[in-house]
Amino acid sequence: MDKVTVPEGRSGDWVVQKFTVTKGDEKWERYYALLHSHRRFVPEGTYTRLLHNGQLIMSDTPQELRDHLVMYGKAHGRILINGLGLGVILQACLQKEEVAHATVIEISEDVISLVGPHYEKMFGDRVEIIQADAMTWKPPKGIRYRAVWHDIWPEIYPENLEEMKILHRRYGRITDWQGSWCRHLCERG
C-alpha cells in the first residue's frame, strides 16, 4: 500500500497536512513506543495526516498502512468503507482492478469536502461518497458487498469494541466479509 496523494488543505475544523519525522524524532518515537503498549513508532520520512481541531485523527505512516492490509487483501467486487479519513484504504483498494466499486460512508461534511473530490477525480464513478452516520445508514435494498471495512475511531481503545460489535451486526447480512480497524489491538486491552 502506498502513501496517500491527498493534497494539503482545510475545511472547517479539519486539516490535511504533510509532516516530517527526522532521524532524531524516530529515535524518541521508538523509545516512547516501548514505554506505552498502544503507542507505535513512526520511522523517519514525510507523511500526510488528518487533524480535527488540532487532534491527530489518522496518518499514512507505515504502521497505519499495515493496519489496513487485511481489508486490502479481502477487497474485490463491490466494497463498503465506513469512514473516509485520508482515504488510505479507499485509494489502495481502488488501485486494484478487481475492485469494481467502493461506497464510502463519512459522517463529516468537512472531511468529504476536503478529501472526497481528490478520490472522485482519481477514480470517477468507481467511488461513491455518502454523508451519513455508519451507525444508522441503511444501504439500498438488494445491494451486497464483498467486503466491508469499519474505520471510524481516531484512537485504539478497548471501548471501541462495543461499537465494532454493533457495526458487525448491522452490516453482517449484506457482506461476505467485514473487519474493523485495529480490532485485534482493542481486544488485547
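Remember, it's a predicted structure, so these values are computed and weren't measured experimentally.

## Some thoughts on the overall build of the protein chain
When helices and strands are tallied, the protein chain shows 7 helices and 9 strands. For 189 residues, the compact-globule formula gives about 16 Å, and the C-alpha radius of gyration of the protein chain, at 16 Å, lands near that figure. Principal-axis analysis of the C-alpha atoms gives the protein chain an extent of 55 × 35 × 30 Å. Each of the 189 residues in the protein chain was classed as buried or not, and the buried ones make up 48%.

## Examining the nonpolar core
Counting 51 residues, the largest nonpolar core has Leu50, Met71, Ile79, Leu90, Val115 and Tyr171 as its most contacted members. When sequence neighbours within four positions are dropped, the list of residues in contact with Leu50 reads Trp14, Val15, Val16, Gln55, Leu56, Ile57, Met58, Gly85, Leu86 and Leu114.

## Considering the sheet that holds strand 1 (residues 9–11)
Hydrogen bonds along the backbone pair up the strands of a sheet, which may run parallel or antiparallel. Taking strand neighbours across the sheet as the criterion, the 4 strands line up as 1-2-3-4 in an open arrangement whose pairing is antiparallel. The sheet is open, and its two borders are formed by strand 1 and strand 4 (55–59), each paired with just one other strand. Looking at each pair of strands side by side, their axes are set apart by 35 degrees on average, direction ignored. Sheet contacts for helix 5 (residues 109–123): strand 1, strand 2 (14–21) and strand 3 (45–52); angle to strand 2, the most-contacted strand, approximately 55 degrees.

## A short note on helix 6 (residues 160–171)
Taking 1.5 Å per residue, 12 residues should reach 16 Å; helix 6 reaches 17 Å between its end C-alpha atoms and fits that length. Residues Asn160, Leu161, Met164, Leu167, His168 and Tyr171 constitute the buried set of helix 6. An end-on view of helix 6 places all buried positions within 120 degrees of arc, on one side of the element. In this structure, the buried residues of helix 6 make contact with strand 5 (77–82), strand 8 (147–150), strand 9 (178–180) and helix 7 (183–188).

Criteria and cut-off values
- Residues numbered from 1 in each chain as written.
- Predicted model: local features only at pLDDT ≥ 70, side-chain atom pairs only at ≥ 80, totals over all residues.
- Heavy atoms only, no water.
- Helix = DSSP H or I, 4+ residues; strand = E, 2+ residues; numbered from the N terminus.
- Rg over C-alpha atoms; globule rule 2.2 N^0.38 Å.
- Buried < 20%, exposed > 50% of the residue type's maximum accessible area, 1.4 Å probe, protein only.
- Core = buried A, V, L, I, M, F, W, Y, C linked by side-chain atoms within 4.5 Å.
- Contact = heavy atoms within 4.5 Å.
- Pairing = 2+ DSSP bridges.
- Axes fitted to C-alpha atoms, helices over the stretch in contact; angles between N-to-C directions.
- Expected span 1.5 Å × (residues − 1).
- Arc of directions from axis to C-beta.

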